[in-house]
Amino acid sequence: MTTKPINLLSEEQLAAILSGKTGSFHGGIHPPENKQQSNQNAIEDAGIPPFLVIGIEHKGHIPELLVNVGDPVLKGQALSKVYGAMVVQHASSSGIVSAIEKRTDLHPSGLPILSIVIETDGLDRSIAYNKFSDYQSQATPILIEAVQNAGIIGLGGAGFPSHLKLSHSESTKLLIINAVECEPYITADDRLMQEYGDEIITGINVLQHMLKPELTVIAIEDNKPEAIAALNFALHKSQQTNILIRSIPTRYPSGSEKQLIEIITGQQTPIGKHPTELGVVMHNVGTVFAIKEAIIDSKPLVSRIVTITGDAFHKKGNVSVRIGTPIQYLLDKYKFNAGVSQKLIIGGPLMGFSINHGDVPVTKTCNCILAPSLQEAPEAPAEMPCIRCAECAHVCPAELLPQQLLWYAKGKDQQKLEEYNLASCIECGACAFVCPSSIPLVEYYRVAKAEISSAEQQAKKTEIARIRFENRNARLQQAKLARQAKHKEAAAKRQQQLKEQNGGEDLIAAALARAQAKKQAPGTDSSENKSIAIDLKKDAVAAAIARAKAKKAAADSRQKNTGDNREDAVAAAVARAKAKKAAADSRQNDAGDDRKNAVAAAVARAKAKKSAADSRQNDAGDDRKDAAVARAKAKKAANTDSCENNKTTDPRKDAVAAAVARAKAKKQAKAESKHTKSAEPDNSDVIAAREKRKEQARLHKQQKNQQADSKASGQTDIDNKQAADDTKKARIAAAIAKAKAKKSAQKEQ
Amino acid sequence: MIISIAIAIFTLGILAALFGALLGYSSLRFKVKEDPIVEELDAILPQTQCGQCGYPGCKPYAQAIANGEDINKCPPGGEAVMRKLAERMGIEPQQLQGEKKPKLVAFIHEDLCIGCTKCVQACPVDAIVGSTRQMHTVIGDECTGCELCVAPCPTDCIEMLPIALNTQNWQWKLNVIPCKTDTER
């Protein structure tokens, strides 16, 4: 709806509508109308039931409530706040809120929804209504908000919130007032038009002010002549010329939105598009009346007209019912007399649904309660197989192929159902009405639609679950990386600290370097030398550091010692002072205080001793430290020495090399003995090779192996060649000998 | 004779070298980073992330199927998903391991919850909210019914409940409505 409509009706098309040209839709049926049973009597008030049940939940959404259990409420008082596009619900009579709980909704599923139960007091006291002084001076958004706050939804049956349909003022060309009421039995709009013609015209004026259409058409089927006459009279009285009353031929389902647009304009609404695409807005005549009440009188929607009909009712007619009135109350009041296998239908016989008990409230979309006798609506005959007569396709107003849809609905082929535009099905029931096999086609389509929608919901949920799963994994991964980075940082910090502690030298790096050097040690001599040199240098550095440390420690200890000395001096001074004091005392007092003096002297001695001991201990500690450092140094030096030793001579490696060399020699010997019987003096070669290898024993192992291999193989090649040459020579010699022998033999002959 | 054989060998050798170079180039130039079949298989799987297949989530299982794993290890997907997988992989349908249960939703009995956050960590789709020593609760709309939160709970306060029927998920099964027709009068 946010995109700009592109198929707007043109001026010529509007002129054609004005000139009285009408279109027609495909198919349609003519079921028995059965309207006169209920359209003869004036609308009466159904009265105040003992309690009202007002459902406030819509499609699982619950708006904020404005009342609590035990609160007194007045008629017209708002019970809930606006929530999204949802309209406000109102108390339809005065009383006390007795419960807020789940109650059965007026829905084919018979499932409960959250509802407010009001125990009525029978006084029907109303809130004071603040009327607009002049609605024409009000801005459209204020009026649209007023419509939403008045709780007005489409009263024709589908219950689409009306304020949403009023928000297209900038592109509205044509306003159609739907007074067709094509479904059999229902006469609520018929009676409304007959009795409230003036109010409806006023309501249309309100809509015209809000939508500013170029043309307004009231569409009424020609089976309601009284209603047409009443509206004509009201229109004549108001002396308005911009409203057309169009009487259209009676045919079901001309009251359906898109079909009625086709009748009035001759244009089809594109599949999957809103009528706003054509610049058309349609409102039901009952909704128009409710909008008039809301804007002119400021009264919210608290009641609606319900047709009570069917032979099971003793009293039939149209009644003004407060929203929330239990159907059982109406059944009792209109003397419902249930027969065998009685049906109770909400809505018309073609599009309505059955309810199973009367403990459900009247809602804003309930336009008819139909209780047909068995003679009126006999039990449906058993379903037979489809004979593919295509009667259903002939009557389908949406130009679908119902037989194909049935086939795919039975096979649960959702893709095919979408290809065949199941979504365009308006569930009018025309196909089922004409089906010679009595197939309840609409039931199949409803089930299929529910399955498609739940599959779509599931797909949406699945997608959300996938995204949430991936997001969670990404988050966990990120947290893991962050943790690793933190650990790394902490390790670096520790290393830094360690480095600082060790006076700027990186011990770990040094150790690694040493290890590297160790690894590289059995390489070429030059690299060995280099590494040794590096090691020596490092050792020198370490030694220097150790020396510096020792110096520092010594200085520390000296400082401490001097401190101790000072302390000792202080202690001695104290002792002296004390001794002086004691002497003075003794001089002052008596010589009998010798004991005291002795004690003081002893204390002084003890103190001196103690301080001496302390200083000694400190010294000893420092000595110990120094010794430990020295030991560590010695160890380190020893280690480096041993490393160097390892580098220079590795007896194990030599042994391995020697063994490999022996194995090689053996192999070679074998090969030679195989190839040649003439024993060449190879031993000397082998010995030479061994000596050679021993010389190169300190070289890298692999390198050496390769070398040895190549050498050995070269040796064997040479041997082979020699052997081959020998045999050749021998053969040649033999041949020559033979030839000579032959020759000599010939000579002899 | 020998010349013609040599010509043939030479020609074929040239051709082989040419095509080899072409294939080598295109394998580098048109390299597919990730196997698109994994994405497609992942889209078929029900995304409950329950791990009943033995893999830590639907995507790893999709990867495993692409590498030749059995397609019958997804009980939440049931027969329908298995058949779709078979169709996509071009293999025979297999007998489903385990049986498809009706979809459940986790519910925390809040008076028993001690706020240990173990279920929060177990939930593969972050559908449980709560923090340490605070009561936890399940976001019903986001719960996939994988039951992974049930086992870690030290107080056994998590229960798997069937999804409540409402007017949105009602399937127009008119024959299952409890009937109470008023026929006394």
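Residues numbered from 1 in each chain as written. Chains lettered and ligands numbered in written order. Predicted model: local features only at pLDDT ≥ 70, side-chain atom pairs only at ≥ 80, totals over all residues.

Caption draft 1: Summary view of the overall build of chain B. For chain B, the count of helices and strands is five helices and four strands. Scanning chain B from its N terminus toward the C terminus, one meets helices and strands in the order α-α-α-α-β-α-β-β-β. Per-residue burial over chain B gives 22% buried out of 185 residues. Long-range contacts, defined as pairs at least 24 residues apart, comprise 54% of the intrachain contacts of chain B with a sequence gap of at least 6. (Helix = DSSP H or I, 4+ residues; strand = E, 2+ residues; numbered from the N terminus. Buried ≥ 20, exposed ≤ 12 C-beta atoms within 10 Å, placed from the backbone. Contact = placed C-beta atoms within 7 Å.)

Caption draft 2: Geometry of the nonpolar core. Core analysis: the largest hydrophobic core is formed by 124 residues, its most contacted members being I176, I200, A219 and V306 of chain A. If we skip the residues at most four places from it in the chain, A219 of chain A touches I176, I177, N178, A179, V180, R246, I248, L260 and I264 of chain A. In terms of nonpolar packing, the next biggest core, distinct from the first, is built from 16 residues, V138, C143, L148 and C153 of chain B among them. (Core = buried A, V, L, I, M, F, W, Y, C linked by C-beta atoms within 7 Å.)

Caption draft 3: Focus on the sheet that holds strand 4 (residues 95–104) of chain A. Residues and elements named next belong to chain A. If you walk across this open sheet you meet the four strands as 2-5-4-3, and the pairing is antiparallel. In the strand order of this sheet, the two ends are held by strand 2 (51–55) and strand 3 (72–73), each with one partner. Judged from the five bridges that link them, strand 2 and strand 5 (residues 112–120) form a sheet pairing that is antiparallel. Across the sheet, the residue bridging to I54 is I116, located in strand 5. (Pairing = 2+ DSSP bridges.)

Caption draft 4: View of the packing of helix 2 (residues 140–149) of chain A against helix 8 (residues 285–296) of chain A. All names here are of chain A. With their axes 9 Å apart at the nearest point, helix 2 and helix 8 run at an angle of 110° to one another. In terms of their interaxial angle, helix 2 and helix 8 are classed as roughly perpendicular. Regarding helix 2 and helix 8, the two cross each other, and that crossing is right-handed. Across the interface between the two elements, L143, A146 and V147 from helix 2 touch I291, A294 and I295 from helix 8. A per-class count over the contact of helix 2 with helix 8 returns six nonpolar, no polar and no charged. (Axes fitted to C-alpha atoms, helices over the stretch in contact; angles between N-to-C directions. Parallel < 35°, antiparallel > 145°, perpendicular 65-115°, else oblique. Left-handed = near helix turned anticlockwise from the far one by under 90°. Nonpolar A, V, L, I, M, F, W, Y, C, P; charged D, E, K, R; others polar.)

Caption draft 5: Main features of the sheet that holds strand 8 (residues 243–248) of chain A. Residues and elements named next belong to chain A. One open sheet holds the four strands; their spatial order is 8-7-6-9, and the pairing between them is parallel. The open sheet is flanked by strand 8 and strand 9 (280–284), the only strands paired with a single partner. Along the sheet, successive strands turn relative to each other by an average axial angle of 25°, direction set aside. Here strand 6 (residues 174–179) runs beside strand 9; their pairing, made up of five bridges, is parallel. What sits directly across from L174, in strand 9, is V280. The strands touched by helix 8 are strand 6 and strand 9; relative to strand 9, the strand with the most contacts, the crossing angle is about 80°.

Caption draft 6: The confidence of the model for chain A, seen in detail. Per-residue confidence for chain A averages 80 on the pLDDT scale, and 72% of its residues sit at or above 70. Throughout residues 640–649 of chain A the model reports pLDDT below 50, and contacts reaching past four residues in sequence, or to other chains, amount to 10 contacts. (pLDDT = per-residue confidence, 0-100.)

Caption draft 7: Spotlight on the interface of chain A and chain B. Across the boundary between the two partners, chain A contributes 25 residues, which contact 24 residues of chain B. Taken together, the residues of the side of chain A that touches chain B break down into seven nonpolar, 11 polar and seven charged.

Caption draft 8: Helix 7 (residues 257–265) of chain A, seen in detail. Residue and element names in this part refer to chain A. When you tally the buried positions in helix 7, you get nine out of nine residues, the bulk of the element. Every buried residue of helix 7 is accounted for by E257, K258, Q259, L260, I261, E262, I263, I264 and T265. Against the buried residues of helix 7 lie helix 1 (11–18), strand 6, strand 7 (215–221), strand 8 and strand 9. Backbone geometry just downstream of helix 7 places G266 in the positive-phi region, at approximately 80°.

Caption draft 9: Examining unusual backbone geometry more closely. All names here are of chain A. Along the chain, Y252 connects to P253 via a cis peptide bond; the corresponding omega equals 0°. Following the sequence through the fold, P253 ends up in the loop between strand 8 and helix 7. We note that N34 has phi near 55°; this positive angle belongs to a residue other than glycine.

Caption draft 10: Expanded view of helix 11 (residues 402–410) of chain A. Residues and elements named next belong to chain A. Those residues of helix 11 not exposed but buried are P402, Q403, L405, L406, Y408 and A409. Along its buried surface, helix 11 packs onto helix 10 (391–395), helix 12 (414–419), helix 13 (430–434) and helix 14 (441–501). Positive backbone phi, at 55°, marks K412, one or two positions downstream of helix 11.

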